[in-house]
Amino acid sequence: MSSSVFIKNIARLLQVEQNPPFEMARRGTEMKQLPSIDHAFLLIENGNIADFGSMEQYPTVPSYYTVIDAKGGYVLPTWCDSHTHIVFAATREEEFVYKIQGMSYEDIAAKGGGILNSARKLQAMSEDELFEQALHRLRRLIALGTGAIEIKSGYGLSTDAELKMLRVIRRLKAAVPIPVKATFLGAHAFPQAYRHNRNGYIRLIIEEMLPQIAAEQLADYCDVFCDKGFFTPEESNEILQAARRYGLKAKVHANELGITGGVQVAVENAAISADHLECMDEAAIAALANSDTFATLLPACAFFLGLSYAPARQLMEANVPIAIASDFNPGTSPTGNMNFVVSLACIKMKMLPEEAINAATLNGAAAMELQHECGTIARGKRGNVIITKPIPALAYLPYNFGDTSIARVLINGSEWLG
Ligand code: NIG
Ligand code: FE
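Calculation criteria
Residues numbered from 1 in each chain as written. Chains lettered and ligands numbered in written order. Predicted model: local features only at pLDDT ≥ 70, side-chain atom pairs only at ≥ 80, totals over all residues. Heavy atoms only, no water. Helix = DSSP H or I, 4+ residues; strand = E, 2+ residues; numbered from the N terminus. Rg over C-alpha atoms; globule rule 2.2 N^0.38 Å. Buried < 20%, exposed > 50% of the residue type's maximum accessible area, 1.4 Å probe, protein only. Contact = heavy atoms within 4.5 Å. Areas by Shrake-Rupley, 256 points an atom, 1.4 Å probe, with all protein chains shown as cover. Salt bridge = Lys/Arg side-chain N within 4 Å of Asp/Glu carboxyl O. Donors = N, O, S within 2.8 Å, 3.2 Å for Na, K, Ca; no water. 1 Å grid on protein atoms, 1.4 Å probe; cavity = no way out; pocket = protein on both sides within 12 Å on 5 of 7 lines; lining within 4 Å. Points joined across faces, edges and corners; volume = space filled by probe spheres on them. Nonpolar A, V, L, I, M, F, W, Y, C, P; charged D, E, K, R; others polar. Patch = residues over 30% accessible without salt bridge, like charges linked within 9 Å, V, L, I, M, F, W, Y side chains within 5 Å. Near = heavy atom within 4 Å. Polar contact = N/O pair within 3.5 Å; in protein donor to acceptor, adjacent residues only side chain to side chain. Sits in = over half its atoms within 2 Å of the grid points. Expected span 1.5 Å × (residues − 1).

Quick look at the overall build of the protein now. Counting its secondary structure elements, the protein contains 15 helices and 18 strands. For a compact globule of 418 residues, the expected C-alpha radius of gyration is about 22 Å, and the protein comes in at 21 Å, within 12% of that figure. Projected onto the principal axes, the alpha-carbon positions of the protein cover approximately 70 × 45 × 45 Å. Across the 418 residues that make up the protein, the buried fraction comes to 60%. For the protein, contacts bridging at least 24 residues in sequence account for 74% of all contacts bridging at least 6. With an accessible surface of roughly 15,500 Å², the protein has 51% of that area assigned to carbon and sulfur atoms.

Dropping the structure here:
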């Protein structure tokens, strides 16, 4: 199919922005807004959104356009998944069974399971095999409506293996037609050999990994797992400040397992986002409210681990911009299905459908600094859209959890055929 395509008979075109300057993000009560046009058309030219409007203003369609009849489906921008770990060597269903039997995530990690288990397997796998596996996952995610994604390293935990992961992510960037952002997460866990030499591992990250990553331009961001049992705020600050000197902005895994200052570390380091936030207090909410840092909530992780959910409503009331993301990884969220994540945001975090869709589109894009090219239906942005089957109402999308309402996915105006 050509990338110049005319979509007609759209029952509702969601998340439209008529005129520049386009919004950077939505926060607070703005998150309830999802501007839309009923009975609409959408024109994508050379991969980018060229025009849209009511079917009453249906233009004459030149013969070189491919015409798609949406047949009464809705059209919305593809999901922007701003937090994933899709490069991994093996799934961890044995730990899933331990959890059913009563072990906690921390118990499993303390026994050498968890991230260290993934690191052992990843270190032993070739770059080519990791790439093939991750590409397979990524292609599947695009079919599920993901049109922009962030991918982290962090299962290497040695210089060679972290660089291998980041090179895999670089190859993924070149292999798929959607924007991919790479995040260095060397500070995901302390390797076994450094358990009693934490400073030694931090020196390795700062003095060996970061310079090579910067030299090869392998990462866009630097993340740290600043949480109970993992990296302290002081250790996290040191790493994020060093990363900043190499031009890498911060993202932080914060407040998943405890209230240990991760959110404050994110804010102090002007992080793009503080992610997880299952364990929050007033001080952490206030810190975010007085910053430009996004709260990226990962309800599939809370669901899978049986954690309490992040306080989405309180964060919105505090005017904090919220993104939602899948956290796709083998230990805490073995799904990257953003349709399910949007449902969970509504069902478990009591976000309204409009709020959840904003969090998974425009705000997700902004949490990867991609809001200028993705996240809304606006002229000049990428023609990355989901066309749904005919649905009775917007709320049906998250309501219909566990199934899919997607009929087609277009990436840069071309139908994604897997
Ligand atoms: O985002 N919380 C830390 N890191 C990942 C999980 C990593 C793992 O268990 O493999 C997360 O949930
Ligand atoms: Fe994560």
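For the rest of this paragraph, the subject is the pattern of salt bridges. Scanning all chains against the criterion turns up 21 salt bridges. The salt bridge involving E106 is made with K228; its shortest N-O contact spans 3.5 Å. Residue E106 is found in helix α2 (residues 105-110), and its partner K228 is found in the loop between β10 (221-226) and α7 (233-245); the two are separated by 122 residues along the sequence. In this structure K228 comes out as partly exposed when scored by relative accessible area, which is 45%.

Around the iron ion (ligand 2), the protein contributes the donor atoms H83 (NE2), H85 (NE2), H253 (NE2) and D327 (OD), at 2.1 to 2.3 Å from the metal centre. Written as a sequence motif, the donor arrangement for the iron ion (ligand 2) is H-x1-H-x167-H-x73-D. Of this pair, H83 sits in the loop between β7 (79-81) and α1 (93-100) while D327 is found in the loop between β14 (322-324) and α12 (338-349), placing the two residues 244 residues apart along the sequence. The exposure class of H83 is buried, given its relative accessible area of 0%.

Counting buried residues along helix α13 (residues 353-360), seven of its eight residues qualify, which places the element largely inside the surrounding structure. Residues P353, E355, A356, I357, N358, A359 and A360 constitute the buried set of α13.

Moving on: empty space enclosed by the protein. Summed over the entire model, instances satisfying the criterion amount to two cavities of 30 Å³ or more. In this structure, the largest cavity spans a volume of roughly 90 Å³. Tallied by class, the residues present in the lining of the largest cavity amount to four nonpolar, seven polar and three charged. By volume, the second largest cavity amounts to about 50 Å³. In terms of lining, the second largest cavity is formed by 13 residues, of which the most central are P77, T78, C374, G375 and N384.

Right, let's get into a nonpolar patch on the surface. Taken together, the side chains of F96, V97 and I100 define a hydrophobic patch exposed on the protein surface, amounting to about 280 Å² of accessible area. As for its placement among the helices and strands, I100 is situated in helix α1. I100 sits in the exposed class, given a relative accessible area of 61%.

For ligand 1, the set of nearby residues contains 15 residues, the closest of which are Y105, Y155, H188, E256 and T332. Within the side chain of H188, an N or O atom sits 2.8 Å from a nitrogen atom of ligand 1. Here a nitrogen atom of ligand 1 and a side-chain polar atom of E256 are 2.6 Å apart. Of the pockets mapped on this structure, ligand 1 occupies the largest cavity. Residues of the shell around ligand 1, tallied by class, amount to four nonpolar, eight polar and three charged.

Now for helix α4 (residues 127-143). For α4, built from 17 residues, the straight-helix expectation of 24 Å at 1.5 Å per residue is met to within 8% by its first-to-last C-alpha distance of 24 Å. Residues of α4 that are buried: L130, F131, A134, L135, R137, L138, L141 and I142. Lining the buried residues of α4 we find α3 (114-123), β8 (146-152), α5 (159-175) and β17 (406-411). G145 lies just past α4 and shows a positive phi near 105°.

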